[in-house]
Amino acid sequence: MDKFIWESTVFAIVAFLVLLWLLNKYAFGPLFAVMEKRRQLIQEQMSTAETSRKAAEASLDEQKVALEQARKEAYAIIDQARSTSTKQADEIVQSAKNEAARLKDDALKDIESEKNKAIAALRTEVGGISVKIASKIIEKQVDEKSQEQLVDQYLKEVGSK
Amino acid sequence: MHEFPVWDVGGFRIDFSTWGTIIVTMIITFALARLAVRNLSVENPSKMQNFMEWIIEFVHNTVASTMPLEKVKRYLSLGLTLILFIFISNLLGLPFGVVFEYSEPNAFLGITNELLEKYHGHVHIAFWKSPTADLSVTAGLAIVVIFLVHYLGLKENRKHYLKHYFEPFPIFFPLNLIKEISKPLTLALRLYANIFAGEVLIATILMLGLWGLPFLAAWQAFSIFVGGIQAFLFTILTMVYISQATIHHHDEEEAH
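This is a predicted model, so every value here is computed, not measured. (Residues numbered from 1 in each chain as written. Chains lettered and ligands numbered in written order. Predicted model: local features only at pLDDT ≥ 70, side-chain atom pairs only at ≥ 80, totals over all residues. Heavy atoms only, no water.)

**Topic: the overall build of chain B**
Reasoning step 1: Helix and strand counts for chain B stand at nine helices and four strands.
Reasoning step 2: Seen along its three principal axes, the alpha-carbon backbone of chain B occupies a region of about 65 × 55 × 40 Å.
Reasoning step 3: Counting across all 256 residues of chain B, residues that qualify as buried make up 44%.
Reasoning step 4: Sequence-distant contacts in chain B: of pairs separated by 6 or more residues, those separated by 24 or more amount to 71%.
Reasoning step 5: Just so you have it, chain B exposes about 13,600 Å², and 69% of that area is on carbon and sulfur atoms.
Reasoning step 6: Across chain B, 16 positive and 20 negative side-chain charges occur, with their mean positions spaced 8 Å apart. (Helix = DSSP H or I, 4+ residues; strand = E, 2+ residues; numbered from the N terminus. Buried < 20%, exposed > 50% of the residue type's maximum accessible area, 1.4 Å probe, protein only. Contact = heavy atoms within 4.5 Å. Areas by Shrake-Rupley, 256 points an atom, 1.4 Å probe, with all protein chains shown as cover. Lys, Arg positive; Asp, Glu negative; His and termini not counted. Charge placed at Lys NZ, Arg CZ, Asp CG, Glu CD.)

**Overview of the UniProt feature "transmembrane region" (unreviewed entry) in chain B**
Reasoning step 1: Mapped onto the present numbering, the UniProt feature "transmembrane region" (unreviewed entry) falls on residues 16–37, 75–100, 135–154, 191–213 and 219–242 of chain B.
Reasoning step 2: For the annotated span residues 135–154 of chain B, helix accounts for 100% and strand for 0% of the residues, and the straight-line distance between the end C-alpha atoms is 28 Å. (UniProt positions renumbered as here; feature names shortened; annotations may be inferred.)

**Some thoughts on the confidence of the model for chain B**
Residues and elements named next belong to chain B.
Reasoning step 1: Of all residues in chain B, 96% attain a pLDDT of 70 or more, and the chain-wide mean is 87.
Reasoning step 2: Scored below 50 in pLDDT, residues 251–256 shows three contacts in the model against residues more than four places distant or in partner chains.
Reasoning step 3: Our summary of model confidence lists the complex with pTM equal to 0.73 and ipTM equal to 0.87. (pLDDT = per-residue confidence, 0-100.)

**What to know about a nonpolar patch on the surface**
Reasoning step 1: Together, A:F4, A:W6, A:V10, A:V14, A:V18, B:W7, B:V9, B:F12 and B:F108 make up an exposed nonpolar region whose accessible area comes to about 770 Å².
Reasoning step 2: Breaking the nonpolar patch down by element, the ones donating at least two residues are helix 1 (6–141) of chain A together with strand 1 (6–9) of chain B.
Reasoning step 3: The biggest single contributor to the nonpolar patch is helix 1 of chain A, with four residues.
Reasoning step 4: For A:V10, the location among the structural elements is in helix 1.
Reasoning step 5: In this structure A:V10 comes out as partly exposed when scored by relative accessible area, which is 38%. (Patch = residues over 30% accessible without salt bridge, like charges linked within 9 Å, V, L, I, M, F, W, Y side chains within 5 Å. Salt bridge = Lys/Arg side-chain N within 4 Å of Asp/Glu carboxyl O.)

**Concerning the interface of chain A and chain B**
Reasoning step 1: With 31 residues of chain A in contact, the opposing surface of chain B contributes 47 residues.
Reasoning step 2: Of the roughly 3,700 Å² buried between chain A and chain B, counting both surfaces, carbon and sulfur atoms make up 77%.
Reasoning step 3: Run the count over chain A and chain B and you get two salt bridges.
Reasoning step 4: Measuring nitrogen to oxygen at the nearest pair gives 3.2 Å for the salt bridge that ties A:E7 to B:R13.
Reasoning step 5: Counting every contact that joins chain A to chain B gives eight residue pairs in polar contact (both at pLDDT 80 or more).
Reasoning step 6: Broken down by class, the residue content of the side of chain A that touches chain B amounts to 24 nonpolar, three polar and four charged. (Buried area = accessible area lost by both parts, 1.4 Å probe. Polar contact = N/O pair within 3.5 Å; in protein donor to acceptor, adjacent residues only side chain to side chain. Nonpolar A, V, L, I, M, F, W, Y, C, P; charged D, E, K, R; others polar.)

**As for the pairing of strand 2 (residues 12–15) of chain B**
Regular strands have side chains that alternate between both faces of the sheet.
Residue and element names in this part refer to chain B.
Reasoning step 1: Bridge count for strand 1 against strand 2 is four bridges, and the pairing is antiparallel. Among the inter-strand pairings, V6 is bridged to a residue of strand 2, identified as D15.
Reasoning step 2: Between strand 1 and strand 2, which follow one another and run antiparallel, lie two residues, and G10 among them has a positive phi close to 55°. (Pairing = 2+ DSSP bridges.)

**Quick look at helix 2 (residues 47–64) of chain B**
Reasoning step 1: If you check helix 2 of chain B, its first and last C-alpha atoms are 25 Å apart, about what 18 residues at 1.5 Å a residue would give, namely 26 Å.
Reasoning step 2: Inspection of helix 2 of chain B places B:Q49, B:M52, B:E53, B:I55, B:I56, B:V59, B:T62 and B:V63 among the buried residues, and these make up the whole buried set. (Expected span 1.5 Å × (residues − 1).)

**Side note on the pattern of salt bridges**
Residue and element names in this part refer to chain A.
Reasoning step 1: Summed over the entire model, instances satisfying the criterion amount to 15 salt bridges over all chains.
Reasoning step 2: Taking the shortest distance from any N to any O, the salt bridge between E68 and R71 comes out at 3.8 Å. One end of the pair, E68, and the other, R71, are both in helix 1, three residues apart, so they sit about a helical turn from each other.
Reasoning step 3: The network of salt bridges with common partners includes E50, R53 and E57.

**Remarks on the UniProt feature "coiled-coil region" (unreviewed entry) in chain A**
Reasoning step 1: In the numbering used here, UniProt assigns the "coiled-coil region" (unreviewed entry) feature to residues 53–117 of chain A.
Reasoning step 2: In this annotation, residues 53–117 of chain A is assigned 100% helix and 0% strand; the end-to-end C-alpha distance for the span is 94 Å.

**Some thoughts on the packing of helix 7 (residues 173–207) of chain B against helix 8 (residues 213–246) of chain B**
What describes two packed helices is the angle between their axes and the distance between those same axes.
All names here are of chain B.
Reasoning step 1: In contact at an axis separation of 10 Å, helix 7 and helix 8 are set at 175° when each is read in the N-to-C sense. When the interaxial angle is binned, helix 7 and helix 8 end up roughly antiparallel. Of helix 8, the residues touching helix 7 (which contributes K183, T186, L187, R190, L191, N194, I195, G198, L201, I202, I205 and L206) are F215, L216, W219, Q220, V226, G227, Q230, L233, F234, L237, Y241 and Q244.
Reasoning step 2: Here the residues of the contact of helix 7 with helix 8 sort into 15 nonpolar, seven polar and two charged. (Axes fitted to C-alpha atoms, helices over the stretch in contact; angles between N-to-C directions. Parallel < 35°, antiparallel > 145°, perpendicular 65-115°, else oblique.)

**Points about the packing of aromatic side chains**
Reasoning step 1: One pass over the structure, following the stated rule, counts 20 aromatic pairs over all chains.
Reasoning step 2: A centroid spacing of 6.1 Å and a plane angle of 25° characterise the contact between B:F51 and B:W54, whose relative ring orientation is stacked. Here B:W54 and B:F51 lie together in helix 2, a separation of three residues that amounts to about one turn.
Reasoning step 3: The class for B:F51 is partly exposed, based on a relative accessible area of 38%.
Reasoning step 4: Between B:Y161 and B:Y165, the ring centres sit 5.5 Å apart and the planes meet at 85°, which makes this aromatic pair edge-to-face. For the pair B:Y161 and B:Y165, a shared accessibility class is recorded, and that class is buried.
Reasoning step 5: Chaining the aromatic ring pairs together yields one cluster made of A:W6, A:F11, B:F12 and B:W19. (Phe/Tyr/Trp six-rings, centres within 6.5 Å; stacked < 30°, edge-to-face > 60°.)

The following block contains the structure:
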C-alpha cells in the first residue's frame, strides 16, 4: 500500500501488451473482419435494391407507354369500326331505297299493262253488247241496210270515245 | 489493514496479489473475447457476438468523439483492451477477498519480523484485490498510454507536436511541460485512488459485521458503477491525449 513496487509496474505493462496482442490476434481481428464483411454485405444489398428499384421504375414507364399505345390503338379501331358501320348503314339504306324504287316501278308498269288489257277487253265486250242490243232493237224497226248504217255509226262513236 | 504478499527474489519483488489478479483479469478478458468470437457469423450473430459488437460499437463511438473518423480504426483495439481490462480489473476486487492471518515470519510471502511487530504478532495478508487498486499497476497502464502518446506525436505530427510545447509563447514551456507530466500522473492516480478507496471502504464496512450488509450491498453496486466510469474515463482520456498529440487542428489554432 505505502510502497511502490516497480516490478508490478513492469509486469502490468508486459501483461497489458500481451493481452492487447492476444485480443487483437484471436478475438478483435476476426470480429472486425466479420463486422466489415457485414458492412459490405449491407452495402451490396442496398445497391442491389437500388438497381432493382430503378429496373422496376423503368419497366413501369415502359408499361405506361405500352398501355398508352394500346389505348390509342383501341381508339383507332373503334373509330374505324364506327365509320365502317356508318358507311355500311348508308349502303344498306341506299340499296333498300333502290329496291323500293325498283319495286314501285315494276308495280306501276304492271298496273299500266293491266289497265291497257282491261281497256281492250272492255272495248271488245262493249262492242259485242251494243251489237246485241242494237240488233234486237233494229230487228224490229229497220231494214237490214239502215241497220248496218246505224251499227257503223254507233261503232264509230264508241271507237272515238 | 491488510498487507500484501510480496516475495523477494534477490531484490526482485513479486507481489502475488497483484500478479495473480492481473493474470486472472487477463484470463477472464481473453475468455470473454474468445467466447464472443466462437461462432462468428455475418448474418446471424450469436448473443455473445452481439454483446461484443455492442461494446466495439460503444468504444468506436467513444474514440470517434475525440478524433476524425478515419483514424479511429487504428486505436480501436487499444481502446477495447483498455476498457475491458480496466473494467474487469475494477470489478475483480468486489465480490470477495482472500485474507489469511499469519503469526510466523515467512520469506515467501514477505512476512518479516518487523512487519509482525508492527501488527503485534498477527499480520493479515490479502491475496485478492483489484489489480487497479495498486498504484504500481495503474502506473504501468499510464506509462503504456503516455509512451504511445508521445511516440505517436513525434512520429506522425513532429513539427506541431514539438511546437506545442512553446505555445502560445516560448515562456510557457515550463507550464506545457508540467501539463505533459501531469497527464500520466493524473491518469494513474485517478484510477488507483477511485478503486483503492472503494476497496478500503468495503474493508471498513466489513468491520461493521452483519449490520453493514445493506451498506455493503449499496457500496458494491456503486463500485460497479465507479468501475465502469473509471474504465470509460481512462479510455477516453487516452484517446483525447492521442488525438491532441497526433492531430493538428487548423481552425482551433486560429481561434486561440
